[in-house]
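Architecture at a glance
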Amino acid sequence: MKPELRELYQQVILDHNKNPKNFKEIPEATHQSDGYNPLCGDKLHLALKVDDGVVTDVGFQGSGCAISKASASVMTTMIKGKTPAEVDELFKQFQSVITSSVKDAIDYDELGKLAVFAGVREFPARVKCAALAWHTVSAALHENSETTSTE
Amino acid sequence: MEDLLQERIVVGDPHCPLDVLDVDRIRDDFPILHKRVHGNRLVYLDNAASSQKPASVIKGLSTYYEMQNANIHRGVHYLSGLATGLYEEARNKVRKFINARSEKEIIFTAGTTEAVNLVASTYGRKHVQEGDEIIVSAMEHHSNIVPWQLLCEQTGATLKVIPINERGELQLDEFEKMLSSRTKLVAIVHISNSLGTINPVEKIVEMAHAKDIPVLVDGAQSVVHGSIDVQALGCDFFAFSGHKMLGPTGIGVLYGRESLLDAMPPYQGGGDMIRYVSFDKTTYNDLPYKFEAGTPNIAGTIGLGYAIDYLESVGFAKIESHEMMLLNYAHEALTSIPQVRLIGTARQKASVVSFVIDEVHAHDVGTILDQNGIAIRTGHHCTQPVMDWFEVPATSRASFLFYNTKEEIDRLVEGIYGVINLFK
Ligand SMILES: Cc1ncc(COP(=O)(O)O)c(C=O)c1O
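Each value, and the rule that gives it
Sequence order as written defines the numbering, with residues in each chain counted from 1. By the order in which they are written, chains take letters starting at A while ligands take numbers starting at 1. pLDDT decides what is reported in this predicted model: residues at 70 or higher carry local features, side-chain atom pairs at 80 or more are listed and counted, and totals for whole chains, interfaces and linings draw on all residues regardless. Side-chain numbers here rest on the full set of heavy atoms in the structure, without hydrogens or water. Secondary structure elements follow DSSP: runs of H or I of four or more residues count as helices, runs of E of two or more count as strands, with numbering from the N terminus. Two things to know: the radius of gyration comes from C-alpha atoms, and the globule rule equals 2.2 Å times the number of residues to the power 0.38. A simple rule labels every residue: compare its accessible area, found with a 1.4 Å probe on the protein chains alone, to the largest value its type can have, and call it buried under 20%, exposed over 50%, or partly exposed in between. Only heavy atoms enter the contact rule, under which two residues are in contact if any of them lie within 4.5 Å. Residues scored as charged are limited to Lys and Arg (positive) and Asp and Glu (negative), so that His and the chain ends carry no count. Here the site of a charge means atom NZ of a Lys, CZ of an Arg, CG of an Asp or CD of a Glu. What a helix should span is 1.5 Å times the count of its residues minus one. A simple way to read buried area is as the amount of 1.4 Å-probe accessible surface that goes missing from two parts once joined, with both sides added. By salt bridge we mean one thing: a side-chain nitrogen of Lys or Arg within 4 Å of a carboxyl oxygen of Asp or Glu. Here a polar contact is recorded for every N or O atom pair within 3.5 Å, except that within protein the pair must consist of a potential hydrogen donor and a potential acceptor, and residues adjacent in sequence are included only if both atoms are side-chain atoms. Throughout, near means a residue has at least one heavy atom within 4 Å of the molecule or strand. Residue exposure ignores everything except the shown protein chains as possible cover, and the areas themselves are Shrake-Rupley values with a 1.4 Å probe. By the convention adopted, Pro, Cys, Tyr, Trp, Phe, Met, Ile, Leu, Val and Ala count as nonpolar, Lys, Arg, Asp and Glu as charged, and the other residues, Gly among them, as polar. Just so you know, the domain bounds were taken from an automatic or database domain assignment. Between the N-to-C directions of two axes lies an angle of 0 to 180 degrees, each axis being a line fitted to C-alpha atoms and, for a helix, fitted only over the stretch in contact. Any angle from 65 to 115 degrees is called roughly perpendicular, while one under 35 is roughly parallel, one over 145 is roughly antiparallel, and all others are oblique.

**Considering the overall build of chain A**
Counting its regular elements, chain A contains six helices and four strands. Moving toward the C terminus, one meets the helices and strands of chain A in the order α-α-β-β-β-α-α-α-α-β. Compactness check: chain A gives a C-alpha radius of gyration of 15 Å against a globular reference of 15 Å for 151 residues, within 12% of the reference. Referenced to the eigenvectors of the C-alpha coordinate spread, the extents of chain A come out at roughly 45 × 30 × 30 Å. A buried classification covers 48% of the 151 residues belonging to chain A. In chain A, 62% of the contacts between residues at least 6 apart in sequence involve partners at least 24 apart. The positive charge centre, built from 16 side chains, and the negative charge centre, built from 21, are 8 Å apart in chain A.

Structure (structure tokens):
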């Protein structure tokens, strides 16, 4: 196995792919959005409950590659208890993880769980897979309920 | 030794004394096949998306630009005459290649997509009205669906879809029931790019013609796998792309029956497609020029001619037998992997193998194989209705041409085991 591949398909990512967190419906959702990546056919339905300006529950459903599924799973574990502004901030951090130069060192302490996606930097074709869930949550929280497309 | 014997399977062409394709020699004609990708020898199995080009085509293109380039059909000077001659010679090669009656029936387009759009917007505009029907199949490429949907939106006609069975074959009994006096055209793919199914085009044409309905055949995948005879097929239109048959991108062909083309209004207006222009009245040029407005893809057309020369020099008898050997070998190898399911198991199949791996998305398969230097296509292959029918979001597809080898299929299988192990 090549090191780049190992880096992309880290055990954490494979685990989230196999047993995604918050892979569920949210019956009383206040916000939702559909994400679609036409290149690979990834489809993601995301639903959230926001109370008093804070995300109290979140769930996703759909089909996708390991990268997009793991990304959605990790994302859902990070945004509970956060305000939309804080979610936006995490999205920004995530984007820098997956698009920064390969040569840039990753600050594992600061980025925490997001750092497992640093391997995506070696695979430009997979950046959209990794970012789909984040684009979709952003659309849901900002009341842009039409299907979000990575194109 | 046993391997060698196995490769000596039947070959239909009695004029061909040496019945086995010399793959090593063939591969030497394709410079890119010697490339290394991610440190491995390239295994190119994405031929259904676009084929690689032999040196003769590549050289032909550079020779054209180095020594022959000028605009065609308009200059009195030497180079213009030379370029025009080469361009029209390519048209003649295409005519012979698909056995059309006349060069008037060969129209150069940008590709299959433009050829279908040409028919939809000219034949369609003239003959299709509200209440009419156009029939396509469930295994069409988007380029043989969307132009008809657009036409239906514009005219109020309806699109009907021939269903397929679980093998990925057309249900001809259903097709029979759909044909009626409202049907204005049947548009059908010859070989499915996502399933590999070879459709019984002669039979379809016969059924449609019995009710005087013309048939368009999308030959994008078929021209490179076997010899095409449009007269034997009996179809009214036949569309294909140069880049899938060893030629350059940006060039394709629409064959049309002369009487139909004659009666169709022009497609685009511009230079070359006119005879006389005035602000009172413009008269159009003869076939095929009526449908070739503006400066065409001259280099691409000439390059397509060289691609035809190459295919003919190899010979379709050898090509077909080699590719059938590869298809059988790949089918056997892939069906022996328990986690792999083939999508598309038609009894008549070309060397295209779509598959899914349990619990692994095609996109991950593609990335991992690519790291091993193996190029396959993953996704919906521009045939989303097919994916919906088989209830898969995407498939992985390996498509073989005559320059591929059994060793490359072994590499594919090895790569698939790597994927399965990673996701275990
Ligand atoms: C069956 C089929 N039809 C049509 C097309 C469209 O060809 P092009 O993109 O060259 O116009 C393709 C190419 O993918 C195809 O496989």
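**Here we look at helix 3 (residues 66-79) of chain A**
In an α-helix there are 3.6 residues to a turn, and that puts residues three or four apart on one side. All names here are of chain A. Between its first and last C-alpha atoms helix 3 spans 20 Å; for 14 residues at 1.5 Å apiece the expected length is 20 Å, and the two agree. Restricting attention to buried positions, one finds in helix 3 the residues Ala66, Ile67, Ser68, Ala70, Ser71, Ala72, Ser73, Val74, Met75, Thr76, Met78 and Ile79. One or two positions beyond helix 3, positive phi appears at glycine 81, with a value near 85°.

**Thoughts on the interface of chain A and chain B**
If you look at the interface, chain A gives 25 residues, while chain B gives 16 residues. Across the interface of chain A and chain B, roughly 1600 Å² is buried in total on both sides, 57% from carbon and sulfur atoms. Three residues, Lys2, Tyr9 and Cys40 of chain A, lead the burial of chain A against chain B; their summed loss comes to 27% of the area buried on that side. Viewed at the interface, chain B and chain A are joined by one salt bridge. Put simply, aspartate 364 of chain B and arginine 126 of chain A hold a salt bridge, and the shortest N to O gap is 2.8 Å. The interface formed by chain A and chain B holds 10 residue pairs in polar contact (both at pLDDT 80 or more) in total. Elements that contribute at least two residues to the side of chain A that touches chain B include exactly helix 1 (3-8), helix 2 (11-18) and helix 3 of chain A. By residue number, the principal contributor to the side of chain A that touches chain B is helix 1 of chain A, which donates four residues.

**Comments concerning the site of the ligand**
Residue and element names in this part refer to chain B. The ligand sits among Thr112, Thr113, His141, Ser143, Val189, Asn193, Asp218, Ala220, Gln221, Ser241, His243 and Lys244. At 2.6 Å, a side-chain N or O of threonine 113 approaches an oxygen atom of the ligand. Expressed as a share of its isolated accessible area of 400 Å², the protein-covered part of the ligand is 85%. Its residues placed into classes, the shell around the ligand shows two nonpolar, eight polar and two charged.

**Digging into the domain arrangement of chain B**
Residues and elements named next belong to chain B. Each assigned domain of chain B is listed with its residue range as follows: domain 1 (2-52 + 315-422) and domain 2 (57-312). The C-alpha centroid of domain 2 is placed 28 Å from the C-alpha centroid of domain 1. Counting residues at the interface gives 40 residues for domain 1 and 34 residues for domain 2. With both sides pooled, the region where domain 1 packs onto domain 2 buries about 2900 Å², and carbon together with sulfur makes up 56% of that total. Here domain 1 is connected to domain 2 by one salt bridge.

**Some thoughts on the packing of helix 2 of chain A against helix 3 of chain A**
Working note: a packed helix pair is described by the angle between its axes plus the distance between those axes. Residue and element names in this part refer to chain A. Remark: helix 2 packs on helix 3, axes separated minimally by 8 Å, with the N-to-C direction vectors making an angle of 85°. On the basis of the axis angle, helix 2 is roughly perpendicular to helix 3. For the pair formed by helix 2 and helix 3, the contact residues are Ile13, His16 and Asn17 on the first element and Ala66, Ile67, Lys69, Ala70, Ser73 and Val74 on the second. In terms of residue class, the contact of helix 2 with helix 3 is built from five nonpolar, three polar and one charged.

**A closer look at unusual backbone geometry**
Residues and elements named next belong to chain B. Cis geometry is found at the peptide bond from leucine 287 to proline 288, where omega equals -5°. Within the fold, proline 288 resides in the loop between strand 12 (283-284) and helix 11 (298-314). The phi dihedral of histidine 38 falls on the positive side, at around 50°, and the residue is not glycine. Within the fold, histidine 38 resides in the loop between strand 1 (36-37) and strand 2 (40-41). The exposure class of histidine 38 is partly exposed, given its relative accessible area of 38%. Its identity is not glycine, yet cysteine 382 carries a phi of approximately 60°, on the positive side. With respect to the helices and strands, cysteine 382 occurs in the loop between strand 16 (377-379) and helix 14 (384-389).

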